[in-house]
Amino acid sequence: MKVKLPDFDHLMNLARNKPEDLEKLRDQLIENTIQSAPKNSQRRLRGIQFQVDMQIRKSNNPMAACIAVSELMYKSLQELQLSLNDPDSIHDRINTPPPTCTPADVICMSEKRNLKQLKV
């Protein structure tokens, strides 16, 4: 279902008086955009939208949300610029093995409790 974007004045009215309707419109437009994308891109787009939605949800106010989403987009643009200008650096980061962790001793707490009870 294709939804036409209302004019600015109508959107402003929704923002002031019916923010829940504006949010529904936003969700519908986003869903339409994702649905119109190629099938092999839709999962990635939903992942990106999830990140954007979480940034908005974590924010205390609309301005903080705008800044958080802007930072997310800026970081993505930096990654793109780096991959275009220095593709080897991206390749090196992808092929870098994850940091190694030293094994830890696992302590069974029920055994510790049983030892304490025996000593008492």
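Residues numbered from 1 in each chain as written. Predicted model: local features only at pLDDT ≥ 70, side-chain atom pairs only at ≥ 80, totals over all residues. Heavy atoms only, no water.

> I'd like a description of the overall build of the protein chain, backed by residues and values.
A tally of regular secondary structure across the protein chain gives six helices and zero strands. Scanning the protein chain from its N terminus toward the C terminus, one meets helices and strands in the order α-α-α-α-α-α. For the protein chain, the residues scored as buried account for 12% of the 120 residues in total. Across the protein chain, every contact between residues at least 6 apart in sequence was considered, and the portion connecting residues at least 24 apart equals 20%. On the protein chain, roughly 10,900 Å² of surface is accessible, and the fraction owed to carbon and sulfur atoms is 59%. (Helix = DSSP H or I, 4+ residues; strand = E, 2+ residues; numbered from the N terminus. Buried < 20%, exposed > 50% of the residue type's maximum accessible area, 1.4 Å probe, protein only. Contact = heavy atoms within 4.5 Å. Areas by Shrake-Rupley, 256 points an atom, 1.4 Å probe, with all protein chains shown as cover.)

> With reference to specific residues and values, describe a nonpolar patch on the surface.
Together, Leu77, Leu80 and Leu84 make up an exposed nonpolar region whose accessible area comes to about 320 Å². Under the relative-accessibility criterion, Leu77 is labelled exposed at 53%. (Patch = residues over 30% accessible without salt bridge, like charges linked within 9 Å, V, L, I, M, F, W, Y side chains within 5 Å. Salt bridge = Lys/Arg side-chain N within 4 Å of Asp/Glu carboxyl O.)

> I'd like a description of helix α4 (residues 62–85), backed by residues and values.
When the terminal C-alpha atoms of α4 are compared, their 34 Å separation across 24 residues agrees well with the 34 Å that a helix rising 1.5 Å per residue should span. If you follow the buried residues of α4, they end up packed against α3 (39–58). Regarding α4, its N-cap is Asn61, as a side-chain oxygen of that residue lies 3.1 Å from the backbone nitrogen of Met63 further along. (Expected span 1.5 Å × (residues − 1). Polar contact = N/O pair within 3.5 Å; in protein donor to acceptor, adjacent residues only side chain to side chain.)

> Break down the pattern of salt bridges for me, citing the residues and quoting the values.
Where charged atoms of side chains with opposite charge meet at close range, the side chains can pair. Counting across every chain of the model gives four salt bridges. Between Asp27 and Arg26 there is a salt bridge whose closest N-O contact spans 3.7 Å. The class for Asp27 is partly exposed, based on a relative accessible area of 38%. The partly exposed category is assigned to Arg26, whose relative accessible area is 25%. We note a salt bridge from Glu31 to Arg46, for which the minimum N-O separation is 2.8 Å. Remark: Arg46 occurs in helix α3 and Glu31 occurs in helix α2 (residues 19–36); sequence separation between them is 15 residues. For Glu31, a relative accessible area of 30% gives the class partly exposed. What makes Arg46 partly exposed here is its relative accessible area of 34%. A single salt-bridge network, built from bridges that share partners, covers Glu23, Arg26, Asp27 and Asp53.

> Before we move on, could you go through the packing of α2 against α3 and cite the residues and values that matter?
In contact at an axis separation of 10 Å, α2 and α3 are set at 155° when each is read in the N-to-C sense. The orientation of α2 with respect to α3, classified from their angle, is roughly antiparallel. As α2 runs across α3, the sense of the crossing is right-handed. For the pair formed by α2 and α3, the contact residues are Arg26, Ile30, Glu31, Ile34 and Gln35 on the first element and Gln42, Leu45, Arg46, Gln49, Asp53 and Ile56 on the second. (Axes fitted to C-alpha atoms, helices over the stretch in contact; angles between N-to-C directions. Parallel < 35°, antiparallel > 145°, perpendicular 65-115°, else oblique. Left-handed = near helix turned anticlockwise from the far one by under 90°.)

> Hey, could you go over the packing of helix α1 (residues 8–17) against α2 for me, with residue numbers and the actual values?
Contact geometry of α1 with α2 gives a least axis separation of 5 Å together with a crossing angle of 125°. Relative to α2, the element α1 is oriented oblique. Across the interface between the two elements, Leu11, Leu14, Ala15 and Asn17 from α1 touch Pro19, Asp21, Leu22 and Leu25 from α2. Across the contact of α1 with α2, the residue classes tally to six nonpolar, one polar and one charged. (Nonpolar A, V, L, I, M, F, W, Y, C, P; charged D, E, K, R; others polar.)

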